[in-house]
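So the chains spell out like this:
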Amino acid sequence: MKKKFVFILFGMLLCIGLTACGNNTAGTSDNDHVSLDFYKQRGYLTLGFDQEFEPMGFVDGKSGEYIGFDIDMATEVMKRMGIELRLQPISWDIKESELNRGKIDFIWNGYSITEERKEKVDFSNPYLNNTQAIVVLADSDIQSKADLAGKEVGTQGGSSTIEAVEAEPEVLASFKNSSLVLMPTFPDILRDLENNRIDAVVGDIVLLRYYIDKMGAEKFRILEDNFGSEEYGVGMRKTDSELIAEVNRIMEEMKADGTATQISEKWFGENIVK
């Protein structure tokens, strides 16, 4: 009996210890709330991004360092917050899971605000406008969404483009196999288009224009038709209301003092920050 009591007591103490340890990390349940002071005391925030998502966040071929528009924006925000920024490449398909498991603290990488994603994360205020554009080869006979019937249409797996296309089920049903061709990155899918393995690409116009310019603008054509407009935001856990408010405050400050414009002009040649 005495041994049994000691065993139960040990188990209770172990549970209490594990609970205390868990409180040293950002909570992820709906009932938790993580203060801004927690992150300031911890001293860092981790940004999750797709390392092949030019120009938002990617690996510099020369230096091997992570660079990009969103990384520059995040670096400046963290500098003004007085917190170290840590960069963590992730698989885009599991970004929300990585966030809510505490592996990362931000999703900041051309992250479109959608109703489906709002169920999983909270967003900062929008900072960029975006359109889900349709790209074909320059000599393609495709002129509109209607011409996509029977064609192979591709996009990046895990992207908001999938949701945008699915919002027009009659158009999606007209594609070959009534589905999108999914690839890990937009460069992959554009190369498939360039090599005639697919007939069209749908994706964020901000990113597609950047890639097209690098691959040869004369090879491609952007249709007037599209799959709707949306906005980019920074995704954070639903427990991080104080952090979200601070990011919003600093982003407005950066717009007002011209820093956001400078970063935008560096990557896009013009100011596209809203």
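To keep things clear, this report deals only with the structure shown in the data block. On a predicted model such as this, the values are computed, not experimentally measured, just so you know.

**Focus: the environment of glycine 157**
Part 1 of the reasoning: Mapped onto the elements of the fold, glycine 157 is located in the loop between β9 (153-156) and α6 (160-166).
Part 2 of the reasoning: Glycine 157 gets classed as buried once you look at its relative accessible area, which sits at 11%.
Part 3 of the reasoning: In sequence terms glycine 157 and leucine 182 are 25 residues apart; their C-alpha atoms lie 5.0 Å from each other.
Part 4 of the reasoning: In this structure, glycine 157 is in contact with Trp92, Asp93, Ile162, Leu182 and Met183, ignoring residues within four places of it in sequence.

**Quick notes on the packing of aromatic side chains**
Part 1 of the reasoning: Inspection of every chain in the model, using the stated rule, returns 12 aromatic pairs.
Part 2 of the reasoning: Their ring planes at 25° and their centres at 6.1 Å tell us that phenylalanine 53 and phenylalanine 186 sit as a pair that is stacked. Placement of phenylalanine 53 in strand β2 (residues 52-53) and of phenylalanine 186 in helix α8 (residues 186-194) is noted, with a sequence separation of 133 residues between them. Of the two residues, phenylalanine 53 and phenylalanine 186, neither departs from the other in class, the shared state being buried.
Part 3 of the reasoning: Pairing phenylalanine 106 with tryptophan 108 gives two aromatic rings, centres 5.8 Å apart and planes at 70°, and the pair type is edge-to-face. The same class applies to phenylalanine 106 as to tryptophan 108, namely buried.
Part 4 of the reasoning: Cluster of aromatic residues (ring-pair linked, three or more members): Phe53, Trp92, Tyr111, Phe123 and Phe186.

**Topic: helix α11 (residues 259-268)**
Part 1 of the reasoning: Inspection of α11 places Thr259, Ala260, Ile263, Ser264 and Trp267 among the buried residues, and these make up the whole buried set. All buried residues of α11 project into a common sector of 135° when viewed along the axis, lining one side.
Part 2 of the reasoning: Buried positions along α11 lie against β3 (57-59), β4 (66-67), α3 (69-81), α9 (205-215) and α10 (241-256).
Part 3 of the reasoning: Immediately downstream of α11, the backbone of glycine 269 shows phi near 80°, a positive value.

**Here's the deal with the pattern of salt bridges**
Part 1 of the reasoning: This model, assessed by the stated rule, comprises 22 salt bridges.
Part 2 of the reasoning: A salt bridge links glutamate 76 to arginine 80; its shortest N-O distance comes to 2.7 Å. Here the residue glutamate 76 and the residue arginine 80 both occupy positions in helix α3, the gap between them amounting to 4 residues, near one helical turn.
Part 3 of the reasoning: Judged by relative accessible area, which is 17%, glutamate 76 ranks as buried.
Part 4 of the reasoning: Connected through shared salt-bridge partners, Glu76, Arg80, Glu246, Arg249, Glu253 and Asp257 make up one network.

**Some details on α3**
Part 1 of the reasoning: The terminal C-alpha atoms of α3 lie 19 Å apart, and with 13 residues this matches the ideal 18 Å at 1.5 Å per residue to within 8%.
Part 2 of the reasoning: Within α3, 10 of the 13 residues are buried, which leaves the element mostly enclosed by the surrounding structure.
Part 3 of the reasoning: Here α3 has its buried residues at Phe69, Asp70, Ile71, Asp72, Met73, Ala74, Glu76, Val77, Met78 and Met81.

The rules behind each value
- Residues numbered from 1 in each chain as written.
- Predicted model: local features only at pLDDT ≥ 70, side-chain atom pairs only at ≥ 80, totals over all residues.
- Heavy atoms only, no water.
- Helix = DSSP H or I, 4+ residues; strand = E, 2+ residues; numbered from the N terminus.
- Buried < 20%, exposed > 50% of the residue type's maximum accessible area, 1.4 Å probe, protein only.
- Contact = heavy atoms within 4.5 Å.
- Phe/Tyr/Trp six-rings, centres within 6.5 Å; stacked < 30°, edge-to-face > 60°.
- Arc of directions from axis to C-beta.
- Salt bridge = Lys/Arg side-chain N within 4 Å of Asp/Glu carboxyl O.
- Expected span 1.5 Å × (residues − 1).

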